[in-house]
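Okay, here's what each chain looks like letter by letter:
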Amino acid sequence: MPKGFVRKFSSFPTRRFETRRHVLAVGLSAAMVAASLALVASQAGASVAASTYKQPPPSNPTTKIAGLQHWCGSNGITCAEPSRNWDEFAGYSKAVRHGAHMFPYIGHDEPAALFYSNQPGAGNNVTWQLALPKDPPTLPQQDGSGGTFGFQLHPTFWFGMVMCDPNGSPNVGGIPGHPAVPCKPNSDSNIFASTNPNSPRYFGLGPGQAYEELQLYPPGWAPWPAGIGCTARQWCAALNIDTFQDNENTGALNNTACLNTVSPEPVNFAFLTNNGVATAPGSPLHPEHFVPDPSRDFLMNSGDSLTVHLSDTANGLRTTIVDRTTGTSGFMTASAANGFATVNWKPNGKTCTASPLNFHPEFSTSSPLTRNVNAAHTYNIAFTDEIGHFEYCGKVGTDALGTCLEPLGSDTNNGDTAGPAPAGDDVFCLPASASLLVKIGGCLGSDGDFDGVPYTFGWPGSISNPTADALLHPTSQLFSSPTTGGNNYTSMAFEADISRNESSDSAFRVDTPCQRFVQNPSDPHPGLGCVNPPPNSNFYPFYSTRNTSNGCMWQEGGPYIPGTTNLFGGSSKTEFGPLRQISYPTAPFGSVTIRLNDFRSNTISVPCPAG
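Heads up: these notes are all about the structure in this document.

### Thoughts on the overall build of the protein
Here is step 1 of the chain: In terms of regular secondary structure, the protein is built from ten helices and 29 strands.
Here is step 2 of the chain: Taken across its 611 residues, the protein has 63% of its residues classed as buried.
Here is step 3 of the chain: Long-range contacts, defined here as pairs at least 24 residues apart, represent 73% of the contacts in the protein between residues at least 6 apart.
Here is step 4 of the chain: Approximately 19,900 Å² of the protein is accessible, and the part contributed by carbon and sulfur atoms is 55%.

Spelled out as structure tokens, the structure:
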């Protein structure tokens, strides 16, 4: 029985229980209703705290158009996760003294499946098959009961790839004796993997990098840019490229104007469109690209079968989604013609500028050595889910953070409303009136204490009764293992950055915060308090396989999804495996910081080959 189950269930109001029981009784026996609602009841309860976060939030074109939820100095949804908090970089204090406004922490939860192949093209020419999830017939309710919709579990999931960016870490701008190395697209000559600073292949001296995420967004709630979808009932997708803009060897960050305009992690972004032409420039200096245009954006229906293809062209990486169900397709190329641009590295500059750029993949293959060396994750080619971004809210404040004044659902702590983690996480909230379909209020701030909807029994297959599961939960997305040139990848691993997000910088009232620092800096007892599943959670999803008419496919959720063929141990603990020490270059030059940022399985042969 999950921790906290009895307490939460016993405090669930009888009247609320009977109301939901009546709604869900259709087609279920009383026993089924009681069993399913007992699990839904783990989402009950409430806590309220006054906002005490005093640091003024950033104010710039991005936050004015798209809000803090798309600002990469504030746990933004569209942001990749760096290995360090911004305040850990040597240049952070100087930047703040010079007027930079950015929150010290960024991070969110990303369970992932990593795929490896030494075949040329595996790092830049990838095909996936995907079936979109369907939401259940039971609507979510504001009190935290009822069904669970996909937008509550994940604002997005994506297909990733490492890219070139001349103005990205690890050695942007160069250091004395070690000028910046140009990135040669689609080439393993870019592999710099040695942790020895005397090696010419020291990983702190590699070419500038970025990380691409082809993100898909579920319907049903508040739309972009304030929310997470495009329409009430259809999916949309975007080509998203994140650049960590710092010199890892010195800790230097870009100039104050850039930090206040595009943050330490500039984002290129464009929705996939029907004709492949961006509705607004992809450049980080044009945040109007976060505003959807349903008349031009490529839209998909829940349950549709898709083919997803990422491949390089002369004009940059092209992402294509072919909807095999409707016979339609959408495209986007990371090209200068679509307004994609690299933010210029000018640490002593007074303004923030960007230069047009065709973004190309960095590597030829997808070996374990092809990674972005400033990311919390260790992957190149990967499928990743982004969870931990929805908590119920009954009343939203009028402050700049959108703080929740009436937290509902599964909140376990009273300190959640003070601001972005580590101060709190009931922020970036929207009222029920903002929703296009499901009229509930909720918060999109990174769930630093792991007590929101994604950490409850709201996932497909998380309860044993299949009828109740189908009535209350969405189906899982189904995705194939990737192929390159028609060939399967040879090996894979599972990785979850749980420990990156449960360390002391987001501890809330966790009794034993995760000590994730092994070297530079080091904790007294590295690994102590680092747990999977995370503290306060009742459930954590994991990947499993099933056989379909299209061959073996991956799914995500719990152990009870019908048709499952391989559970990989049947829990997140058995699947994602032990803590792994991950090395990163850091200042001063030649230093290496080692961190327990991920739970990561051993590498295995791909057990679910495509097609």
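### Re the nonpolar core
Here is step 1 of the chain: Core analysis: the largest hydrophobic core is formed by 83 residues, its most contacted members being Trp128, Leu216 and Ile321.
Here is step 2 of the chain: Counting 25 residues, the second-largest nonpolar core is a separate cluster that includes Tyr217, Cys230, Cys236 and Ala375.

### Here we look at the pattern of salt bridges
Here is step 1 of the chain: Tallied over the entire structure, the rule returns five salt bridges.
Here is step 2 of the chain: Glutamate 81 serves as the salt-bridge partner of arginine 500, at 3.9 Å between the closest nitrogen and oxygen. Remark: glutamate 81 occurs in the loop between α4 (61–66) and α5 (92–97) and arginine 500 occurs in helix α9 (residues 498–501); sequence separation between them is 419 residues. Neither arginine 500 nor glutamate 81 differs from the other in exposure class; each is buried.
Here is step 3 of the chain: For glutamate 495, the salt bridge goes to arginine 600, with nearest N and O atoms at 3.4 Å. With glutamate 495 in strand β22 (residues 491–496) and arginine 600 in strand β28 (residues 591–600), this residue pair connects regions lying 105 residues apart in the sequence.

### Digging into the side chain of threonine 243
Here is step 1 of the chain: On the secondary structure map, threonine 243 appears in the loop between β5 (234–242) and β6 (246–247).
Here is step 2 of the chain: Taking relative accessible area as the criterion, threonine 243 reaches 3% and is therefore assigned buried.
Here is step 3 of the chain: Apart from residues lying up to four places away in sequence, threonine 243 is in contact with Asp165, Asn167, Gly168, Gln209, Ala210, Pro264, Glu265 and Pro266.

### Some words on the environment of proline 454
Here is step 1 of the chain: Turning to its location among the elements, proline 454 is positioned in the loop between β18 (442–443) and α8 (466–472).
Here is step 2 of the chain: Residue proline 454 is classed as buried on the basis of its relative accessible area of 0%.
Here is step 3 of the chain: As for proline 454 and glutamine 152, which are separated by 302 residues in sequence, their C-alpha atoms are 6.8 Å apart.
Here is step 4 of the chain: Each residue touching proline 454, except ones within four places of it in the same chain, is listed here: Gln152, Leu153, Ile387, Gly388, His389, Phe390, Trp459, Phe539 and Pro541.

### Let's talk about the packing of aromatic side chains
Here is step 1 of the chain: Tallied over the entire structure, the rule returns 36 aromatic pairs.
Here is step 2 of the chain: For the pair phenylalanine 479 and tyrosine 543, a centre-to-centre distance of 5.9 Å together with 90° between the ring planes defines the contact as edge-to-face. Here phenylalanine 479 is found in strand β19 (residues 478–479), whereas its partner tyrosine 543 is found in strand β24 (residues 542–548), with 64 residues between them in sequence.
Here is step 3 of the chain: Overall, tyrosine 543 belongs to the buried group, its relative accessible area being 0%.
Here is step 4 of the chain: One cation-aromatic arrangement involves arginine 201 over phenylalanine 192; the distance from NZ or CZ to the ring centre is 4.4 Å.
Here is step 5 of the chain: For arginine 371, the ring lying beneath its charged end belongs to tyrosine 584, and the centroid distance is 5.2 Å.

### A short note on empty space enclosed by the protein
Picture a little ball the size of a water molecule; that probe, rolled over the atoms, points out where space is still empty.
Here is step 1 of the chain: Overall, the coordinates contain seven cavities of 30 Å³ or more when judged by the stated rule.
Here is step 2 of the chain: If you go around the largest cavity, you meet 14 residues; those closest to its centre are Thr62, His70, Val262, Val267 and Pro284.
Here is step 3 of the chain: Of the residues that constitute the lining of the largest cavity, the class distribution is eight nonpolar, five polar and one charged.

### Concerning the pairing of strand β15 (residues 382–386)
Here is step 1 of the chain: Among the five residues of β15, five are classified as buried, and the element is accordingly described as predominantly covered.
Here is step 2 of the chain: Neither face of β15 is left uncovered, since the one carrying Ala382, Thr384 and Glu386 and the one carrying Phe383 and Asp385 both have all their residues buried.
Here is step 3 of the chain: Summarising the sheet, strand β3 (residues 156–164) and β15 pair through five bridges and their orientation is antiparallel. Bridge assignment links glycine 160 to a residue of β15, and that residue is alanine 382.

### Topic: the state of the cysteines
Here is step 1 of the chain: If you walk through the whole model with that rule in mind, you get eight disulfides.
Here is step 2 of the chain: The partner cysteine of cysteine 164 in its disulfide is cysteine 183, sulfur to sulfur 1.9 Å. Note on the cysteine 164 and cysteine 183 pair: the S-S dihedral is about -55°, so by sign convention the disulfide is left-handed. One end of the pair, cysteine 164, is in strand β3; the other, cysteine 183, is in the loop between β3 and β4 (209–217), and 19 residues separate them in sequence.
Here is step 3 of the chain: The buried category is assigned to cysteine 164, whose relative accessible area is 8%.
Here is step 4 of the chain: A disulfide bridge connects cysteine 230 with cysteine 236, and the sulfur atoms are separated by 2.1 Å. What sets the handedness of the cysteine 230 and cysteine 236 disulfide is the S-S torsion sign, and at about 80° it is right-handed. Side by side, cysteine 230 and cysteine 236 carry an identical accessibility label, which is buried.

### Here we look at the sheet that holds β18
Here is step 1 of the chain: Strands sit in the order β16-β18-β17 across an open sheet of three strands; the sheet is antiparallel. Of all the strands in the sheet, the pair left with one neighbour each is β16 (391–392) and β17 (429–430).
Here is step 2 of the chain: Examined bridge by bridge, β17 and β18 share two bridges and lie antiparallel to one another. Bridge assignment links cysteine 429 to a residue of β18, and that residue is cysteine 443.

### Quick word on the pairing of β4
Here is step 1 of the chain: Of all nine residues in β4, nine are buried; the element is thus mostly enclosed.
Here is step 2 of the chain: Neither face of β4 is left uncovered, since the one carrying Gln209, Tyr211, Glu213, Gln215 and Tyr217 and the one carrying Ala210, Glu212, Leu214 and Leu216 both have all their residues buried.
Here is step 3 of the chain: Sheet topology note: the β3/β4 ladder contains eight bridges and is antiparallel. What sits directly across from methionine 161, in β4, is glutamate 212.
Here is step 4 of the chain: In this sheet, β5 lies alongside β4 in antiparallel orientation, the contact comprising seven bridges. Looking at the pairing, leucine 214 lines up with leucine 239 of β5.

### Notes on unusual backbone geometry
Here is step 1 of the chain: That bond from serine 169 to proline 170 is cis: its omega, 15°, falls within 30 degrees of zero.
Here is step 2 of the chain: You can see proline 170 is positioned in the loop between β3 and β4.
Here is step 3 of the chain: Even without being a glycine, phenylalanine 428 presents a positive backbone phi close to 55°.
Here is step 4 of the chain: When you line up the elements, phenylalanine 428 lands in the loop between β16 and β17.
Here is step 5 of the chain: Classification of phenylalanine 428 by relative accessible area gives buried; the value is 6%.

The rules we used
- Per chain, residues are indexed from 1 in the order of the written sequence.
- Reporting in this predicted model follows two pLDDT cut-offs: at least 70 for local features of residues, and 80 or more for side-chain atom pairs to be given and counted; totals over whole chains, interfaces and linings ignore these cut-offs and use all residues.
- The basis for the side-chain values is all heavy atoms of the structure; hydrogens and waters are excluded.
- Each helix is a run of DSSP H or I of at least 4 residues and each strand a run of E of at least 2, with the numbering of both proceeding from the N terminus.
- Exposure classes here rest on a 1.4 Å probe applied to the protein chains alone. A residue is buried below 20% of its type maximum, exposed above 50%, and partly exposed in between.
- Every residue pair with non-hydrogen atoms within 4.5 Å of one another is taken to be in contact.
- Methods summary: accessible areas were calculated by the Shrake-Rupley approach with a probe of 1.4 Å, and residue burial reflects only the protein chains presented.
- For the purposes of this section, nonpolar cores are sets of buried Ala, Val, Leu, Ile, Met, Phe, Trp, Tyr and Cys residues that join through side-chain atoms within 4.5 Å.
- What makes a salt bridge here is a side-chain nitrogen of Lys or Arg within 4 Å of a carboxyl oxygen of Asp or Glu, nothing more.
- Aromatic rings from Phe, Tyr and Trp, with only the six-membered ring used for Trp, were paired whenever their centres fell within 6.5 Å, and each pair was classed as stacked if the ring planes differed by under 30 degrees, edge-to-face if by over 60, and tilted otherwise.
- To sit over a ring, a charge needs its Lys NZ or Arg CZ within 6 Å of the ring centre and within 35 degrees of the ring normal.
- Residues are said to line a cavity or pocket when one of their atoms sits within 4 Å of a point; the points come from a 1 Å grid over protein atoms alone, cavities being sets where a 1.4 Å probe fits but cannot get out and pockets being open sets with protein on both sides within 12 Å along at least five of seven lines.
- Grid points are joined across faces, edges and corners, and a volume is the space filled by probe spheres set on the points.
- When residues are sorted by character, Ala, Val, Leu, Ile, Met, Phe, Trp, Tyr, Cys and Pro go into the nonpolar class, Asp, Glu, Lys and Arg into the charged class, and all the rest, Gly among them, into the polar class.
- Two strands pair if DSSP finds at least two bridges between them.
- Cysteine sulfur atoms are paired as a disulfide whenever they come within 2.5 Å of each other.

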